[in-house]
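Chain by chain, the residues:
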Amino acid sequence: MTTNPFGGPTGARPVGITVDAQGNIYTVNALGNSVTKISADGETTGQFGGTPGQLPTGIAIDKSGNLFTANFDANTVTRIRPDGTTGQFGGTTGNNPNRIAIDRAGNVYTANFGDDTVTKISADGTSTTQFGGTTGPSSEAIAIDADGNVYTASSTEDTVTRISADGTSTTQFGGSTGEGPSGIAIDADGNVYTANDG
């Protein structure tokens, strides 16, 4: 099988990727403090929008095409609108937000690597710095199911934590994962999968 690069260069150290409904690809570039857009035909915009917060390490897109980054060193979330307008979204997150996800209602969640919490920022920008209880340590991934339950993967404990949609229940979900889970996904039937890089 032959593979070739798609589009032009991204910013420095792309660590997250998302795709919009039109097939445009966006990378979040941790050392470049930037987002790169690669259109469906491969045309590349090295920096799309303004500069996110310091050391962005997670990226997600909502149904309206707004991009959100989790800024590890700034403890903030940045929103980049489809026209490139860029600004902070909501208040301060927990410590070292590492990954980000959005539910069907447009609420934004970050998995906070530094203090083992999840932050919720509602669609109107109202922030809950700690949503639910404490997750497993060193969360490297976050996902949300169709019912709004939030799942994080602990890269050092090799477990998955589930926070109920209303935030009242935080429990370990299932048994141990493989070593060093760094990605998490949920299928249409609610089954949870982790990618383990240990």
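A quick note: this is a predicted structure, and the numbers were derived from the prediction, not measured.

On to the overall build of the protein, then. From N to C terminus, the protein includes 0 helices and 18 strands. Against the globule reference of 16 Å for 198 residues, the protein gives a C-alpha radius of gyration of 16 Å, in line with a compact fold. When each of the 198 residues of the protein is scored for burial, the buried share is 47%. For the protein, the accessible area works out to roughly 9100 Å², and carbon and sulfur atoms hold 45% of it.

With that settled, consider the pairing of strand β10 (residues 108-112). With respect to burial, β10 is a largely interior element, 5 of its 5 residues being buried. Residues Val 108, Thr 110 and Asn 112 point to one face of β10 and Tyr 109 and Ala 111 to the other, with burial holding for every one of them. Bridge analysis of strand β9 (residues 97-102) against β10 gives 5 bridges, and the strand direction is antiparallel. Note on β10: the bridge partner recorded for Pro 97 is Asn 112. Between the antiparallel neighbours β9 and β10 lie 5 residues, among them Gly 106 with a positive phi of about 90°. Relative to strand β11 (residues 117-121), β10 runs antiparallel, the two sharing 5 bridges. What sits directly across from Val 108, in β11, is Ile 121. In textbook terms, the turn of a hairpin is the stretch between consecutive antiparallel strands, and for β10 and β11 this stretch comprises 4 residues, one of which, Asp 116, has a positive phi near 55°.

Looking now at the sheet that holds β10. With antiparallel pairing, the 4 strands of this open sheet are ordered in space as β9-β10-β11-β12. Only two strands of the sheet have a single partner each, and these edge strands are β9 and β12 (127-128). Where β11 and β12 come together, 2 bridges link them in antiparallel fashion. The residue bridging Ile 121 from the neighbouring strand is Ser 127, located in β12.

Taken together, the 4 strands give an open sheet; going across it, the order is β5-β6-β7-β8, and neighbouring strands pair in antiparallel fashion. Every other strand in the sheet has two partners, leaving β5 (56-61) and β8 (86-88) as the edge strands with one partner each. Averaged over all adjacent pairs, the angle separating strand axes in this sheet is 25°, with direction ignored. Across 5 bridges, the pairing between β5 and strand β6 (residues 67-71) is antiparallel. Counterpart to Ile 59 in the pairing with β6 is Thr 69.

This part is about the packing of aromatic side chains. Scanning the entire structure with this criterion turns up 5 aromatic pairs. Judged by centre distance (5.4 Å) and plane angle (75°), the rings of Tyr 151 and Phe 173 are edge-to-face. Separated by 22 residues along the polypeptide, Tyr 151 in strand β14 (residues 150-154) and Phe 173 in the loop between β16 (170-172) and β17 (181-186) bring together distant segments of the chain. According to the relative accessible area criterion, Tyr 151 is buried, its value standing at 2%.

Rules used throughout
Residues numbered from 1 in each chain as written. Predicted model: local features only at pLDDT ≥ 70, side-chain atom pairs only at ≥ 80, totals over all residues. Heavy atoms only, no water. Helix = DSSP H or I, 4+ residues; strand = E, 2+ residues; numbered from the N terminus. Rg over C-alpha atoms; globule rule 2.2 N^0.38 Å. Buried < 20%, exposed > 50% of the residue type's maximum accessible area, 1.4 Å probe, protein only. Areas by Shrake-Rupley, 256 points an atom, 1.4 Å probe, with all protein chains shown as cover. Pairing = 2+ DSSP bridges. Axes fitted to C-alpha atoms, helices over the stretch in contact; angles between N-to-C directions. Phe/Tyr/Trp six-rings, centres within 6.5 Å; stacked < 30°, edge-to-face > 60°.

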